[in-house]
Amino acid sequence: ALSTTGQPITDSRNGIVKPRINIQAALGTLPCLFPINLGQTINGSLTTTDCTFTLSGLTRYVDVYVLDAIAGQQIAVSMTSSINTHLYLVNSSNQILDDDGGGGTNSRIPATSGFFPIPATGTYSIFATSFAASAIGSYTISLVASSYSISGRVARSNGTGVPGVGIALTGSQSGQTTTNANGDYSINATGGGNYTITPTLANNTFIPINQTFNNLSSAQTANFNATPAATPTPTPTPTPTPTPTPMPGAGIEGDINRVPFGVGSIPGFGDSFVNGLDLLQYDRFQAGLDAPSTGVGGEFQRMDTAPAPGDGCIRPDDKQRIANYIAGGSSTWIAAAGPTVQAPCGINPIPVVESIFEIVPETERSAAARELRIVPVSVEKGALEEIRLALDSQSNERGMQFSIDFDPASLEFMGELGIGVNANIVAGEGAPAGTVITANTTEANNGRISIVIDAPTPFTRGVREVVRIAFRAKETAPGRVSNVTFSDTPTPRFITLADATGSASAARFTNGTVTITDANATGVEVTGRVLTPDGRGLRNATVSMKDAKGIVRTATTSSFGFYRFDGVAAGQNYTITVSSKRYRFAARDITVGDNLADVAFVGLE
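This section reports on the structure supplied with the text. These numbers were taken from a predicted model, which means no experiment stands behind them.

1. Observations concerning the overall build of the protein
Next up, step 1: Counting secondary structure elements, the protein contains four helices and 46 strands.
Next up, step 2: Here the protein, with 605 residues, has 48% of them falling under the buried criterion.
Next up, step 3: Total accessible area computed for the protein in this model is approximately 26700 Å², and 52% of it derives from carbon and sulfur atoms.

Now the structure itself:
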């Protein structure tokens, strides 16, 4: 039987209120599926050999067109024919989101005019059929999307426009254009997508290096300031004491990268951007492979970041602050200041294995095979789980940085908010020992986390678990599938290599999903966490639950100390105990009536 779902809709042509219908039972398995893309027009026909489906007592011939759409995109579908037509827009759960029919030979979604907003990223189906039963005939179907312009100007500091600058559009759609004689440009992008605008021109640097627009829903402006790269003046007579070439301005704290990233970088003066390449250059300085320049705006001043703005001593907290700048994004960056040469405390090197810079070069690797992906996971509503990221390693990756977006209405991050090391975002099983994870969770309640991964040695070849993030599926999650996606705000995504140059690598970043299911129908769920005395999650502890008959079930805690028992019989009493080699725990007696969460245990010294 068919069932209604969601809010009813009103046909704007005749004012008739229609229920939204779940048509899974009506559709069954359809072999007549055809892909359709935005901007495409297709000529088809309904014939007696087409698929059929029955809805509201009418059996009709149908062609089904499938498209992948992004949340927020605005689309319109039209169908014209000599017969009376009917269109349905259906989501991946086989629910009708909108339809139009009965008005003659032309159908449109939405009816009459405008665009339909895609509610969530995923696969959608367009059912092209007739209004009357068993009608046949040819038709034309068209799919369009609203588009918006991203425009702006590239200029010098004195306001003069810069012509001939390449403007690249990347993200949900790719494109490129060039600034005109006045430095102006404009490029169109489909609404609802996530995009990054990046300018390029040889021997120039740009501020900002790029600009990102997520869920594009209106025209946007992206202006850039271009600065010609300075050319160091050669010294006529060699001298045993090198003289640092002056740089314009003090630069940015933590910006010590010597490898061009983007365009127009000046070796020795950074690239006006704080990213994972700066962490690699920090290690090269500490290993003695390079020597930091001194003086105002020199590499030593920009490397000495902690305590802000520096104290003349290089220690591990300087590197951690650079990682915090990366995770926090450009809004947290500050101008370089503080001592310009090392203080009497001297440099305190961080141990670095020199051989990491002598491994197989990137040119001999398969960059196309390098992929960082969010591993799909399934979890019950109200339960605790981990989002895991896996790397297809080519054995020379040492650092990663990226931002992750998720739906805060469906998923809840379980850690504290802030910038730095977070107890609920930890290195995965495949990360090298000593890997440091720096996170920006200040926007976690709004569905955004940024992560910086710094490994002391390269990842080994193969599929390696990189990081784990603790979260809970909310009881009130609105949908069954929740998307978890990579983004570039506030931390742009890329992977750094441990080759001789410490360069950035091309890589694929693959999004994932969290499938949220209803609670176990055969019983209830008991979940909780095992903590150390100072409040950190304790992994590999054994949690035992014994019922009144003496039957014992056991579970092992995860990386964050979480445990879970499924299918627990309600209405009974249980005793839960925890065993660990390091701590003692007091037993707890509980009565289970419904799902129980946050049954926590804290270790005793």
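2. A closer look at unusual backbone geometry
Next up, step 1: Along the chain, Ile207 connects to Pro208 via a cis peptide bond; the corresponding omega equals -5°.
Next up, step 2: By secondary structure assignment, the location of Pro208 is in the loop between strand 21 (204–207) and strand 22 (211–213).
Next up, step 3: A cis geometry characterises the amide bond from Thr489 onward to Pro490, with omega recorded as 0°.
Next up, step 4: One non-glycine residue, Asn94, lies in positive phi territory at about 60°.
Next up, step 5: Classification of Asn94 by relative accessible area gives partly exposed; the value is 23%.

3. Regarding the side chain of Asp392
Next up, step 1: Locating Asp392 in the fold gives a position in strand 27 (residues 384–393).
Next up, step 2: By relative accessible area, Asp392 is classed as buried at 17%.
Next up, step 3: Here the side chain of Asp392 touches Arg373 through a polar contact of 3.0 Å, side chain to side chain.

4. Some thoughts on the sheet that holds strand 43 (residues 562–568)
Next up, step 1: Spatially, 43-40-46 is the arrangement adopted by the three strands of the open sheet, whose pairing is mixed. Whereas interior strands pair on both sides, the edge strands pair on one side only; in this sheet they are strand 43 and strand 46 (596–602). Mean inter-strand twist for the sheet, computed between neighbouring axes without regard to direction, equals 20°.
Next up, step 2: Summarising the sheet, strand 40 (residues 524–531) and strand 43 pair through five bridges and their orientation is antiparallel. The residue of strand 43 that forms the bridge with Gly528 is Tyr563.

5. Looking at the environment of Thr54
Next up, step 1: Counting through the fold element by element, Thr54 comes out in strand 7 (residues 51–55).
Next up, step 2: The exposure class assigned to Thr54 is partly exposed, which follows from its relative accessible area of 39%.

6. Points about the packing of aromatic side chains
Next up, step 1: Following the criterion strictly, the structure yields seven aromatic pairs and no others.
Next up, step 2: Measuring from centroid to centroid gives 5.6 Å for Phe34 and Tyr65, while their planes differ by 40°, and the two rings are tilted. Here Tyr65 lies in strand 8 (residues 58–69) and Phe34 lies in strand 5 (residues 33–35), a separation of 31 residues in the sequence.
Next up, step 3: On the numbers, 5.9 Å between centres and 65° between planes, the contact of Tyr563 with Phe565 is edge-to-face.
Next up, step 4: Taken together, the ring pairs in this structure connect Phe402, Phe486 and Phe509 into an aromatic cluster.
Next up, step 5: Stacked on the ring of Phe601, the Lys or Arg Arg588 has its end atom at 5.8 Å from the ring centre.

7. Regarding the sheet that holds strand 18 (residues 175–178)
Pairing between sheet strands relies on hydrogen bonds along the backbone, with the strands arranged either parallel or antiparallel.
Next up, step 1: Here four strands make up an open sheet; going across it, the order is 18-17-20-22 and the pairing antiparallel. Each edge of the sheet is formed by a strand with only one pairing partner; in this case those strands are strand 18 and strand 22. In this sheet, neighbouring strand axes are inclined to one another by 20° on average, regardless of whether the strands run parallel or antiparallel.
Next up, step 2: Note that strand 20 (residues 195–200) and strand 22 share three bridges and pair antiparallel. Across the sheet, the residue bridging to Ile197 is Gln211, located in strand 22.

8. With respect to the pattern of salt bridges
Next up, step 1: Under the defined criterion, the tally for this structure stands at 20 salt bridges.
Next up, step 2: Residue Glu429 pairs with Arg468 through a salt bridge whose shortest N-O separation is 3.7 Å. On the criterion of sequence distance, the pair formed by Glu429 in the loop between strand 31 (425–427) and strand 32 (436–440) and Arg468 in strand 34 (residues 462–473) is long-range, its members being 39 residues apart.
Next up, step 3: In this structure, Glu429 and Arg539 form a salt bridge, with 2.3 Å as the shortest nitrogen-oxygen distance. Separated by 110 residues along the polypeptide, Glu429 in the loop between strand 31 and strand 32 and Arg539 in the loop between strand 40 and strand 41 (542–547) bring together distant segments of the chain.
Next up, step 4: Counted as one network, the salt bridges with shared partners bring together Glu386, Arg388, Glu429, Glu465, Arg468 and Arg539.

9. A closer look at the environment of Asp518
Next up, step 1: Along the chain, Asp518 turns up in the loop between strand 39 (512–517) and strand 40.
Next up, step 2: Separated by 138 residues in the primary sequence, Asp518 and Glu380 place their C-alpha atoms 5.6 Å from one another.
Next up, step 3: Setting aside its immediate chain neighbours within four residues, Asp518 contacts Glu380 and Lys381.

Cut-offs used in this document
Residues numbered from 1 in each chain as written. Predicted model: local features only at pLDDT ≥ 70, side-chain atom pairs only at ≥ 80, totals over all residues. Heavy atoms only, no water. Helix = DSSP H or I, 4+ residues; strand = E, 2+ residues; numbered from the N terminus. Buried < 20%, exposed > 50% of the residue type's maximum accessible area, 1.4 Å probe, protein only. Areas by Shrake-Rupley, 256 points an atom, 1.4 Å probe, with all protein chains shown as cover. Polar contact = N/O pair within 3.5 Å; in protein donor to acceptor, adjacent residues only side chain to side chain. Pairing = 2+ DSSP bridges. Axes fitted to C-alpha atoms, helices over the stretch in contact; angles between N-to-C directions. Phe/Tyr/Trp six-rings, centres within 6.5 Å; stacked < 30°, edge-to-face > 60°. Lys NZ or Arg CZ within 6 Å of the ring centre and 35° of its normal. Salt bridge = Lys/Arg side-chain N within 4 Å of Asp/Glu carboxyl O. Contact = heavy atoms within 4.5 Å.

Structural measurements only, silent on function.
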